[in-house]
Amino acid sequence: MENGLSVKGLRKSFGDRAVLNGVDFSVGAGELVVLLGANGSGKSTALRCVVGLAEADEGVVSVAGRELRGLTGAELARARRAAAMVFQQIHLVRRRNVIDNVCAGGLAGLPLSRSLTPALFPKDLRERAMACLDRVGLADRAKDRAGSLSGGQQQRVAIARALCQGAKVLLADEPVSALDPAAATQVMELLRELARNDGLAVAAVLHQPDLARRHADRVLGLLHGEIRFSTRGSDLSDVDIDALYAPDRAVAV
Ligand SMILES: Nc1ncnc2c1ncn2[C@@H]1O[C@H](COP(=O)(O)OP(=O)(O)OP(=O)(O)O)[C@@H](O)[C@H]1O
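Let me sum up the structure you'll find in this document. By convention here, each chain's residues receive numbers from 1 onward along its written sequence. Given that this is a predicted model, residues contribute local features only at a pLDDT of at least 70 and side-chain atom pairs are listed and counted only at 80 or more, while totals for whole chains, interfaces and linings are drawn from all residues. Hydrogen atoms and water are omitted, and side-chain values are computed over all heavy atoms in the structure.

Definition of nonpolar core: a set of buried residues of the types Ala, Val, Leu, Ile, Met, Phe, Trp, Tyr and Cys, connected through side-chain atoms within 4.5 Å. For the exposure calls, accessible area comes from a 1.4 Å probe over protein chains only, and a residue counts as buried if that area is under 20% of its type's maximum, exposed if over 50%, partly exposed in between. V102, L133, I159 and L191 are the most contacted members of the largest nonpolar core, which totals 54 residues. Of all the elements, helix α6 (residues 181–196) adds the most residues to this core, at eight residues. Contact criterion: two residues are considered in contact whenever any of their non-hydrogen atoms come within 4.5 Å of each other. If we ignore the near neighbours within four places in the chain, the residues touching L133 are V98, I99, V102, L138, A139, A142, V157 and A160. Judged by nonpolar contacts, the second largest core, of 32 residues, contains V19, F25, L68 and V169. Runs of E in the DSSP output that reach at least two residues are strands. Runs of H or I that reach at least four are helices, and both are numbered from the N terminus.

Right, dumping it as structure tokens:
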């Protein structure tokens, strides 16, 4: 899928526990897709397999039109850089300033000699990082220590870092679980804008069906490592939600 994400037949076991049982989904450029599912249903593992934080046993993943199967070494790393992931636990260097944290997203594309210390970050990288910070509405906080920002602002800095990496596919694993409702809405609106206005393919794992209904173009329901349903966000029903979180009740009704 051109500039989007495509996952086909993804299987993953940890020991004898099968966690993903042949997961197929795609996220188009310009689309915000939310993955819902009970604890342990395999949501994080699916995203982690895309960025290489977990190794799939089987399956074909394409990122921004490039199939990863068969790629190795630097070529695989380059293809994977088209996807970036943000997490509930925001991984910023808290004592460094915001702009340095965002620059870190662009470092993988630099020769090592130019990436060792922030003082050596090239001007073009700093300018790109600044544009990314502006995109998430935090240009005025560039010089502040990352640790001095609120949780919601830090999550937006992490998203700016992903943009600075040049990601076309943005994966977000519970990006708003630690945020208050206003900050959560702001981050979800940002993710949606990045899809709609900037053409990114965005996949977010959430535990809040109401946020999925409000913000997602499409919702995928994951149950026991399989996609149970795919529906428009605005069409997400209580029956869909019960199918994921209370499957016994859903069967009984
Ligand atoms: N590195 C690992 N080693 C062993 N088991 C793992 C590992 N990572 C995940 N698992 C197991 O895989 C299953 C799915 O985990 P995963 O984190 O993908 O689920 P999830 O749907 O994201 O859950 P949650 O909503 O709780 O984050 C769980 O049973 C988990 O214990």
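In this section: helix α8 (residues 238–245). Inspection of α8 places D240, I241, A243 and L244 among the buried residues, and these make up the whole buried set. The buried residues of α8 occupy one face: seen down the axis, they fall within an arc of 155°. Residues of α8 that are exposed and point more than 90 degrees away from the buried face comprise D238 and V239. To be clear, the arc concerns the directions from the helix axis to the C-beta atoms.

With that settled, consider the site of the ligand. Only heavy atoms are used to decide nearness, and a residue is near a molecule or strand if one of them lies within 4 Å of it. For the ligand, the set of nearby residues contains 13 residues, the closest of which are G40, K43, S44, T45 and H207. We call two N or O atoms a polar contact when they sit within 3.5 Å, provided that within protein one can donate a hydrogen and the other can accept it, with sequence-adjacent residues counted only if both atoms are side-chain atoms. Between the ligand and N39 there is a distance of 2.9 Å, counted from an oxygen atom to a side-chain nitrogen or oxygen. Between the ligand and S44, the relevant distance is 2.8 Å, taken from an oxygen atom to a side-chain nitrogen or oxygen of the residue. For the ligand, whose accessible area on its own is 630 Å², the fraction buried by protein is 61%. When contributions to the shell around the ligand are tallied by element, the ones reaching two or more residues are β2 (17–27) and α1 (43–51). Among the elements that make up the shell around the ligand, the one with the highest residue count is α1 (three residues). The residue classification treats Ala, Val, Leu, Ile, Met, Phe, Trp, Tyr, Cys and Pro as nonpolar and Asp, Glu, Lys and Arg as charged. All others, Gly included, are polar. Looking at the shell around the ligand residue by residue, the class counts come to three nonpolar, seven polar and three charged. Here the Shrake-Rupley method, with its probe set to 1.4 Å, supplies the accessible areas, and only the displayed protein chains count as covering residues.

This next bit is on the pairing of β2. Judged from the eight bridges that link them, strand β1 (residues 5–14) and β2 form a sheet pairing that is antiparallel. Each residue of the ladder has a partner; that of F14, found in β2, is R17. With antiparallel pairing between neighbouring strands as the criterion, β1 and β2 make up a hairpin whose turn holds two residues, including G15 at a positive phi of roughly 60°. We call two strands paired when DSSP finds no fewer than two bridges between them.

Pairing is antiparallel in the open sheet, where four strands are placed in the order β2-β1-β4-β5. Bordering the open sheet on either side are β2 and β5 (66–67), each of which pairs with just one other strand. Simply put, an axis is a line fit to the C-alpha atoms, just over the touching stretch for a helix, and the angle between two N-to-C directions goes from 0 to 180 degrees. Contacts between α1 and the sheet are confined to β1, β2 and β4 (58–63), with β1 contributing the most and set at about 115° to the helix.

Now for the environment of S150. The topology assignment puts S150 in the loop between α4 (123–135) and α5 (151–164). For S150, a relative accessible area of 38% corresponds to the partly exposed category. For the pair formed by S150 and L179, sequence separation is 29 residues and the distance between their alpha carbons is 9.2 Å.

This part takes up unusual backbone geometry. Phi angles above zero are rare outside glycine, and A64 is one such case at about 50°. Examined against the element boundaries, A64 turns out to sit in the loop between β4 and β5. Given the relative accessible area of 22%, A64 is considered partly exposed. For E174, which is not glycine, the phi dihedral falls at a positive 50°. With respect to the secondary-structure elements, E174 resides in the loop between β7 (169–173) and α6. Assessed through its relative accessible area of 17%, E174 is described here as buried.

Mapped onto the fold, Q155 is located in helix α5. On the accessibility criterion, Q155 (0% relative accessible area) is buried. In this view, Q155 contacts V86, F87, Q88, I90, P175, L179 and V187; residues no more than four positions away in its chain are not counted.

These figures come from the coordinates and say nothing about function on their own.
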